[in-house]
Amino acid sequence: MPALRRGDRDRVSVEPMLAGGRELIDLQAEGFYGPAADAFVAEVSRRHPARAVYVRATAEAIARHDLPGVDAEVVAHEVFSNFVRTHFVSKLLMVAAPEATVGFLAEHFDTATVEAALGRAGPSVISGFHYTAFPLVGLGLAMSAAAPVISKARFDVLDQPGTDTSDQIVHLSDRSAAIRLTRALRGGRSVWALLDVVLPETRTARTEFLGREMTVSAGFGKVARLSGRACLPISWELRDDGIRLEAGAAVLVDGRSEAEIIDAAVAAQAAFVCAHPTQWLEWYSVLDHAPAVRAEVRQGNESIWDTLRSIL
Amino acid sequence: MSASEPTKPKQLDADAVLDAIKLGIRTVKGPVVAETEITAETCFWASEDPRPCLDFDSLDLLELIIFLESEMGWQIPEHEIGAGWVTVGDLAVVVMRVVGAPTQVADG
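Since this is a predicted model, take the numbers as computed values, not measurements.

A. Molecular detail of the nonpolar core. Core analysis: the biggest nonpolar cluster contains 139 residues, and Trp236 of chain A together with Phe44 of chain B have the highest contact counts within it. With residues near it in sequence (within four places) discarded, Phe44 of chain B still touches Ile25, Cys53, Leu54, Asp55, Phe56, Leu64, Trp85, Val86, Thr87, Val88 and Leu91 of chain B.

In structure tokens form, the structure reads like this:
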């Protein structure tokens, strides 16, 4: 770690989260996976104002599904750790150590399975849920030969002007977002969309996931139908040796209504979620009060970033 | 008009553009606007504006833009989409500009 000036030392002594963040940045690519980031994850978790709300809602959602061999409380705590690993470890390193991030992805993120699937299905809506390290996966896909347009729900610390992939990003808050995604697909380019988060004031659709009702954004069904392009379900797991990416069977649009496209694309995520319940960060999406939970979690994230920005 | 035979944009007048946009709106919104009189002053988005409103969302806009593209052959650049539009007449002005026609849009 670089030598600290006296003022920095005083601040770090009362801000263990900042000290942990600096140590994480010093780890460079090694911070992305394995136990190296555990201390930072623990400190952010302890400080996060919405931790209790998140864990309680996640445990409630998991318990509803009665997954065999799954202790909802235990899994909910692991999900929260993965949430912190995603929103703070991944994003902090992506911003503070961009070259190391690219190096990590080159070495530990193999997109061949998705590229092969796109070769069969043609340009597609590459669709997944919010699993651990999703921003890193989005960047990895953007850098790959598939080079999809990346749809992004919110502006955050990752939105740095002038980055190599900034022109590939469509913010869903833009009124023209769905049009840009549809035109990209019609023009022969894939797009990446995460299905399990509903933004305020966007049209929603009710679907079923693991036998329970769930509200999702209606947009990707319409974009797929109007473009005539398939949805390609993907999933991934952050492991000690990197990110393991999988592609499922493409959901073809032919003859399907928008509701049927949505149902099939969402259902395609069920097997992965059942096998890897700690990886899905948005379990509480199946709860009726998900928007209130999401708003509180987002506010908590912003308060943590208000502190962390000082070390960027 | 049919989807397989898009009309090529030629010399347009304001009334023709407005009529096409109104047709697109009725196609997109269906029975919801069956009883609604649509004029150049009709607003797309819900707001505090007291004028009549179509209550569009971003997916309605997507369908309308795709309709205008595939049925009328009017390709609206992305930077023009939604930027500052409030009324049906505002969209007509954009269409007239991108297809190179005069930008005088009548109220009606």
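Still to come is the rest of the account.
B. A look at the interface of chain A and chain B. Each side of the interface is counted separately: chain A has 15 residues, and chain B has 18 residues. Summed over both partners, the interface of chain A with chain B buries about 1,500 Å², with 60% contributed by carbon and sulfur atoms. In this assembly, chain A and chain B are joined by seven salt bridges. The shortest N-O distance in the salt bridge between Arg225 of chain A and Glu63 of chain B comes to 3.4 Å. Counting across the chain A and chain B interface gives seven residue pairs in polar contact (both at pLDDT 80 or more). Contributing elements (two or more residues each) for the side of chain A that touches chain B: helix H9 (177-186) and helix H10 (219-227) of chain A. If you tally residues by element for the side of chain A that touches chain B, the top one is H9 of chain A, at six residues. Tallied by class, residues from the side of chain A that touches chain B come to five nonpolar, three polar and seven charged.

C. The sheet that holds strand S8 (residues 242-247) of chain A, seen in detail. Residue and element names in this part refer to chain A. Reading across the sheet, the six strands line up as S3-S2-S4-S1-S7-S8 and stay open at both edges, with mixed pairing between neighbours. One side of each edge strand has no neighbouring strand; the edge strands of this open sheet are strand S3 (169-171) and S8. Here the strands of the sheet are splayed against their neighbours by 30 degrees on average, with no regard to which way each runs. Where strand S2 (residues 149-152) meets S3, three bridges bridge the pair, whose relative direction is parallel. For Ile150, the partnering residue across the bridge sits in S3 and is Ile169.

D. Region of the structure containing the pairing of strand S5 (residues 204-209) of chain A. Residues and elements named next belong to chain A. Where burial is concerned, the two faces of S5 differ: the one with Ala205, Thr207 and Phe209 is buried and the one with Thr204, Arg206 and Glu208 is not. Alignment of S5 against strand S6 (residues 212-217), held across six bridges, turns out to be antiparallel. When the bridges of S6 are listed, Arg206 appears paired with Thr215.

E. Region of the structure containing the pattern of salt bridges. This structure, assessed with the given rule, holds 23 salt bridges over all chains. Measuring nitrogen to oxygen at the nearest pair gives 3.2 Å for the salt bridge that ties Glu282 of chain A to Arg294 of chain A. Remark: Arg294 of chain A occurs in helix H13 (residues 290-308) and Glu282 of chain A occurs in the loop between helix H12 (270-275) and H13; sequence separation between them is 12 residues. The partner of Arg309 of chain A in a salt bridge is Asp306 of chain A, and the shortest N-O contact between them spans 3.6 Å. A residue is classified by how much of its surface remains accessible, and Arg309 of chain A, at 41% relative accessible area, is partly exposed. Put simply, Arg203 of chain A together with Lys29, Asp57 and Asp60 of chain B are held in one network by salt bridges that share partners.

F. Focus on the state of the cysteines. Taken as a whole and judged by the stated rule, the model has zero disulfides over all chains. Lacking any disulfide linkage, Cys43 of chain B is separated from the closest cysteine sulfur, that of Cys53 of chain B, by 6.2 Å.

G. A look at the environment of Ser227 of chain A. All names here are of chain A. Within the secondary structure layout, Ser227 lies in helix H10. Once the C-alpha coordinates of Ser227 and Ala112 are considered, the two residues, 115 residues apart in sequence, prove to be 25 Å apart. Contact partners of Ser227, with chain neighbours within four places excluded, come to Thr182, Leu185 and Arg186. A distance of 3.3 Å separates a polar side-chain atom of Ser227 from the backbone nitrogen of Arg229.

Calculation notes
- Counting restarts for each chain: residues are numbered from 1 in the order of the written sequence.
- Chain letters and ligand numbers both follow the written order, the letters beginning at A and the numbers at 1.
- Totals for whole chains, interfaces and linings use every residue, but because this is a predicted model, local features are given only for residues with pLDDT of at least 70 and side-chain atom pairs only at 80 or more, for both listing and counting.
- Side-chain metrics rest on all non-hydrogen atoms present in the structure, leaving aside hydrogens and water.
- The nonpolar core is taken to be a set of buried Ala, Val, Leu, Ile, Met, Phe, Trp, Tyr and Cys residues, with the residues joined through side-chain atoms within 4.5 Å.
- Exposure is judged per residue with a 1.4 Å probe applied to protein chains only, and the accessible area is read against the type maximum: over 50% gives exposed, under 20% gives buried, and values in between give partly exposed.
- Two residues qualify as a contact provided that any one of their heavy atoms is within 4.5 Å of a heavy atom in the partner residue.
- Throughout, the accessible surface (probe 1.4 Å) given up by two parts as they are put together, summed over both, is called the buried area.
- For salt bridges, the criterion is a side-chain nitrogen of Lys or Arg within 4 Å of an Asp or Glu carboxyl oxygen.
- Throughout this description, a polar contact denotes any pair of N or O atoms lying within 3.5 Å of each other; where both atoms belong to protein, one of them has to be capable of donating a hydrogen while the other can accept it, and for residues adjacent in sequence the pair is counted only when both atoms sit in side chains.
- By the criteria applied, helices consist of DSSP H or I runs no shorter than four residues and strands consist of E runs no shorter than two, each listed in order from the N terminus.
- By the convention adopted, Pro, Cys, Tyr, Trp, Phe, Met, Ile, Leu, Val and Ala count as nonpolar, Lys, Arg, Asp and Glu as charged, and the other residues, Gly among them, as polar.
- Only strands joined by at least two bridges in the DSSP assignment are considered to pair.
- Helix axes use the C-alpha atoms of the stretch in contact, all axes being lines fitted to C-alpha atoms, and the angles between their N-to-C directions lie in the range 0 to 180 degrees.
- Two cysteine sulfurs form a disulfide in these notes if their separation is within 2.5 Å.

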